[in-house]
Amino acid sequence: MDIPTDTPPPPSHVEDAKPTTPEQKRAARGATRPGDRIFLGLSRGSGIVLLLIMAAVAAFLAYRASVALADNEGNFLTTFEWDPAGVAHDGKPYFGIAVLVFGTIVSSIIALAIAVPVAIGIALFISHYAPRKLAAPIAYVIDLLAAVPSIVYGLWGALVVAPNLTGLYSWLDDYFGWTGVFEYEGGAPRSLMTVGILLAIMILPIITNVSREVFLQVPKMHEEAALALGATRWEVIRMSVLPFGRSGIISASMLGLGRALGETIAVATVLSPNFVINASVLDYGGGTFAQNIASKFSEASEYGRDALIASGLVLFVITLLVNGAARLIIARRKEYSGANA
Amino acid sequence: MSTVTIKPGGGHDTTPLKAARLPRWTPYAVAAGSLAVAVGIGLAAGLESRMQWGLIAAVLFVAVSYALAARVEGTRQAKDRLATSLVWVMFLLAVVPLASLIYETVERGVKVFDGYFLSHSMGVVADDEPGGGIYHAIIGTLEQVGLACVIAVPIGLLTAIYLVEYGRGKLAKTVTFFVDVMTGIPSIVAGLFVLSFWILILGFDSSGWAGAMALSILMMPVVVRSTEEMLKLVPNELREASLALGVPKWRTILKVVLPTAIGGITTGVMLAVARIAGETAPVLLLVWVNPFINTNPFDGPQGSLPLYIYQQYQSGTQAGYDRAWAAALALISFIMILNLVARGIARWKAPKTGR
Amino acid sequence: MAKRIDVSGLNAFYGSHKAIEDISMTVEPRSVTAFIGPSGCGKSTFLRTLNRMHEVTPGGRVEGKVLLDGDDLYGSGVDPVNVRRTIGMVFQRPNPFPTMSIFDNVAAGLKLNGSYKKSELNDVVEKSLKGANLWNEVKDRLNKPGSGLSGGQQQRLCIARAIAVEPQVLLMDEPCSALDPISTLAIEDLIGELKERFTIVIVTHNMQQAARVSDRTAFFNLAAVGQPGKLIEIDETERIFSNPSVQATEDYISGRFG
């Protein structure tokens, strides 16, 4: 990768004249002395190392995945089984990610559906509703929620939350069971719904924090404009805070989605995996990409591991797209938020 | 309630300033009432789960507040109250899990949490018998996290310096973007990457070092981000003052910029450590498990605290659960202490501005 | 349409800090009252107590009475939301809602009160924009965002937004301080027209402006930094600028301090 020698640096407050020769460019960076050159080289090198790592992640995963996929007898995208050892297929590997795609998407959607409204509520609470003395401690509590390791969430989810959910699930079954989505046959509630609830709690802090930042950035004068028109507090929020923060909320939710998609150990702890697609989200079973890797890894042969890497590559690409999109939205927002200064 | 609405174009001379309002104590009374009714319903209907009680109370609270306000104060005020009560309920919804999690961890964790537990390994302890400890896991985690720091901190720091002090062109933009994207890499994917090239392709054994490499990938973007933020806080006047004295740029960065931002950078690194210390997935793939004490992170499987919790949980025995909770208590305490210290440093060493 | 304001014994606080002390005055209907005085003398704070915007600031607190045609704004049972609806405000920096079109900005206050017929809304928006001398400039781009206008146009848009809800009183907090001279002139002309319909109170740093637009002028001052601001005197503008009764006023107006 060639470093930005052909693109002139954008004008900044330090350098006004556009440097043309290499010497001038170095001078513009303040890198004419040997010490400066070494230091610039080191720091730029680190940046490049970072990019190389990202490229290597993609390359190595893709390579191992291709090894696995070359021998796969099943269709990788539509097969409902995970049998890389070929136990049920005369020793021929037969595996696909259909079940994992379903489980990952369903659990993430449940997580987002719960977490986004709650997170917006908490963010508004901190930025606009809480007594001022309370706002900082609450923000700190939310940060603590983010610091709890996922394995502890998993332990808590499996041993504390799940046993408490049977009542709620039978109740959902009583009233909404007819939809098919909320059917519950009893038994341990280690289902995609439980996973979704746990994931919601886990992604709450990141969505809250990003939204809160955005809400606090709403210029005071826009809020005062609404107030002076005789708006109630909620109307102020609806007229000036939420429109201003919409793109922030969207990107915050996508960052949360990225987390939910890739969460491994908490899901592996709580879910009773079962490689089937279940119409009901309350009954146990299903699986997610990350959970499947963690659960199947210890018993997998080398080929089995390659198969898991193939599914990991899909997860990598999905989270890359989701996070990239979120970051692009944030970046675009930064550009136009200064427009009406 | 017609007092609140105003007719357009005309009629304004009649706008009254006063509006019927509910007394100040209304929300508290409604909250207490909903809670009481929810408990009543819960007891009467024999709902075992406290979660249902709480949900019923929350729904009642929101609905009753809205209905009351709509009757007395008018729809606009009612909507305002609806929003307020919803926001409060959301906040409580978030506090309950945290409180429960911390309470349960402490309550169930103290059972076997003692000096013996901290100073012994799991060697020759069967899953279903009590005893054993986390000594080997603590050593493993500390070494893995330490090695991850050794890799990630220099790269992270230098990258942040590049982005803030030198970066202007396309490369800087690309790096910034990918640092952000890297923050979102699932930890299991980082684990799979090291697995594929270090263990499957290069043929090395599982070891603490392999885990540390994966952890460092997770740590780097966090270090870059926080360092970047801190360097940006250093006022430009300081740099210009130093450069104007004829100090070369690299010495300016080392002697003026970094020392000014060191508090914030330390905080960032510690928060990053707190994050990776609790990572289980990459450790599961790369460090494997070892119930014995292995102090050499470059040779063979090691223990690890998060993985220990997972293992003990999976054993499915009461003794295992007890150990899992105790280890969770140890891990959470470690991470919370790191967090508190980091924040303390941030406050203590905060760059003094506005002078 | 326009109402008179009687203030008596008003104190305003930020937390424990007293910002203004014991202010009593009368603001006459259908006239322009200007507040002048050195920075930090509390004239903007006082203005914000007149429509209960002061208490929006964290720690903001008010003692005393503000009567709008005899009704106390701070009486028990008074809803600040209704107060702000009755007493409109224009701010120092133009602050149209950035996400709304020009039309929606003007209609924002009306829409708060529920359903309006589209034609009714159209009428009010047109009337208000004409009232703010902005109609001819924006009538072809009502659906464009308000933030695309020039600073002076944005400020007139904010005035249109404020008068669209037909307030009794219009408060203006240094409305021209962020504008160029030509835009300032346009706003000053507008104020002259608006006083036919509204009671107007304007805070200004510009004494020529006070002399040009106002009928009555109030001079505020503070004893020392950290001390609360006080009303020194209020009188006919002509008298304040030619023959004030207090020495401090004359010193300030002739540029001896402040």
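Residues numbered from 1 in each chain as written. Chains lettered and ligands numbered in written order. Predicted model: local features only at pLDDT ≥ 70, side-chain atom pairs only at ≥ 80, totals over all residues.

Student: What is the right way to look at the environment of Ser207 of chain B in this model?
Tutor: Mapped onto the secondary structure, Ser207 of chain B falls in the loop between helix H7 (187-201) and helix H8 (208-233). Beyond its immediate sequence surroundings of up to four residues, Ser207 of chain B is in contact with Val287, Pro297, Phe298, Asp299 and Gly300 of chain B. (Helix = DSSP H or I, 4+ residues; strand = E, 2+ residues; numbered from the N terminus. Contact = placed C-beta atoms within 7 Å.)

Student: I tried to follow the interface of chain C and chain A on my own but got confused; where do I start?
Tutor: It is common to give the size of an interface as the accessible area that goes away when the parts come together. In this assembly, 22 residues from chain C lie in contact with 18 residues from chain A. Mapped onto the side of chain C that touches chain A, the elements with two or more residues apiece are helix H2 (80-86), strand S6 (87-90) and helix H3 (102-111) of chain C. Of the residues forming the side of chain C that touches chain A, the biggest block, 4 residues, is contributed by H2 of chain C. Considered class by class, the residues forming the side of chain C that touches chain A number 11 nonpolar, 7 polar and 4 charged. (Nonpolar A, V, L, I, M, F, W, Y, C, P; charged D, E, K, R; others polar.)

Student: Teacher, can you tell me more about the packing of helix H5 (residues 135-166) of chain B against helix H10 (residues 249-277) of chain B here?
Tutor: The geometry of a pair of packed helices is captured by two quantities: the angle between their axes and the separation between those axes. All names here are of chain B. Two elements in contact, H5 and H10, have axes whose closest approach is 10 Å; the angle formed by their N-to-C orientations is 140 degrees. Classified by the angle their axes make, H5 and H10 are oblique. With respect to the hand of their crossing, H5 and H10 are arranged in right-handed fashion. Residues Thr141, Val145, Ala148, Cys149, Val153, Ile161 and Glu165 of H5 touch H10, and the partners they reach there are Ile253, Val269, Val273, Ile276 and Ala277. When grouped by side-chain class, the residues that make up the contact of H5 with H10 number 10 nonpolar, 1 polar and 1 charged. (Axes fitted to C-alpha atoms, helices over the stretch in contact; angles between N-to-C directions. Parallel < 35°, antiparallel > 145°, perpendicular 65-115°, else oblique. Left-handed = near helix turned anticlockwise from the far one by under 90°.)

Student: Mind showing me how you'd approach helix H6 (residues 151-164) of chain C here?
Tutor: Note: α-helices contain 3.6 residues per turn, so residues at a spacing of three or four share the same orientation. Residue and element names in this part refer to chain C. Taking 1.5 Å of rise per residue, 14 residues should cover 20 Å, and H6 covers 20 Å from first to last C-alpha, within 8% of that figure. Burial within H6 is extensive, with 13 of its 14 residues counted as buried. Where H6 ends, the next residue or the one after it, Glu166, has phi of about 50 degrees, a positive value. (Expected span 1.5 Å × (residues − 1). Buried ≥ 20, exposed ≤ 12 C-beta atoms within 10 Å, placed from the backbone.)

Student: How should I be thinking about the pairing of S6 of chain C in this particular structure?
Tutor: For a regular strand, the rule is simple: side chains alternate between the two faces of the sheet. Residue and element names in this part refer to chain C. The alternating pattern of S6 places Ile87 and Met89 and Gly88 and Val90 on opposite faces, both of which are buried. Pairing analysis gives 4 bridges linking S6 to strand S7 (residues 169-173), with the strands arranged parallel. Bridging from a neighbouring strand, Gly88 pairs with Leu170 of S7. (Pairing = 2+ DSSP bridges.)

Student: Hey, could you run me through the confidence of the model for chain C in this one?
Tutor: Close inspection of predicted coordinates is inappropriate in any region flagged by low pLDDT. Model confidence for chain C is summarised by a mean pLDDT of 89, while 98% of its residues fall at 70 or above. For this predicted complex, the interface confidence reaches an ipTM of 0.87, while the overall pTM sits at 0.85. (pLDDT = per-residue confidence, 0-100.)

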